[in-house]
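What follows is the residue order along each chain.
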Amino acid sequence: MSILDKMVEDGDGRFWGFLGCRYIKGDGKEVKIALTAGEHHTNSMGIIHGGVLTSLMDQAMGMVATAAMEVDGCVTTNLNVHFLAPMKQGS
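Residues numbered from 1 in each chain as written. Predicted model: local features only at pLDDT ≥ 70, side-chain atom pairs only at ≥ 80, totals over all residues. Heavy atoms only, no water.

1. A few points about the nonpolar core
Trp-16, Ile-33, Ile-48 and Met-63 are the most contacted members of the largest nonpolar core, which totals 17 residues. Going through the elements one at a time, α1 (3-11), α2 (15-19), β2 (31-34) and α3 (50-69) are the ones with two or more residues in this core. With six residues, the single largest contributor to this core is α3. Apart from residues lying up to four places away in sequence, Met-63 is in contact with Leu-4, Met-7, Val-8, Trp-16, Tyr-23, Val-31 and Ile-33. (Core = buried A, V, L, I, M, F, W, Y, C linked by side-chain atoms within 4.5 Å. Buried < 20%, exposed > 50% of the residue type's maximum accessible area, 1.4 Å probe, protein only. Helix = DSSP H or I, 4+ residues; strand = E, 2+ residues; numbered from the N terminus. Contact = heavy atoms within 4.5 Å.)

Next up, the structure:
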């Protein structure tokens, strides 16, 4: 079992599962994950909360760093996000 497969398997009962993340594919150079944005991911304006999107980016970044370095895990020390457009449900 790869490091990424183990992360996904262990993630169902953690934040990964809470967000509804899905693993598409990945290796030490690229990771593709997704989620189907639902009403529970929206803010008071009806768009997907920026924290959901940032969490998805943070998760992918941590997964690719973990796979690239072949370690048990990595943490983010700094993440800066600039949104260009809102995301809507189902996107």
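2. Topic: the pattern of salt bridges
Considering all chains together, one arrives at one salt bridge under this definition. For Asp-10, the salt bridge goes to Lys-6, with nearest N and O atoms at 2.9 Å. On the criterion of helical spacing, the pair formed by Asp-10 and Lys-6 is a turn pair, its members being four residues apart in helix α1. Assessed through its relative accessible area of 36%, Asp-10 is described here as partly exposed. (Salt bridge = Lys/Arg side-chain N within 4 Å of Asp/Glu carboxyl O.)

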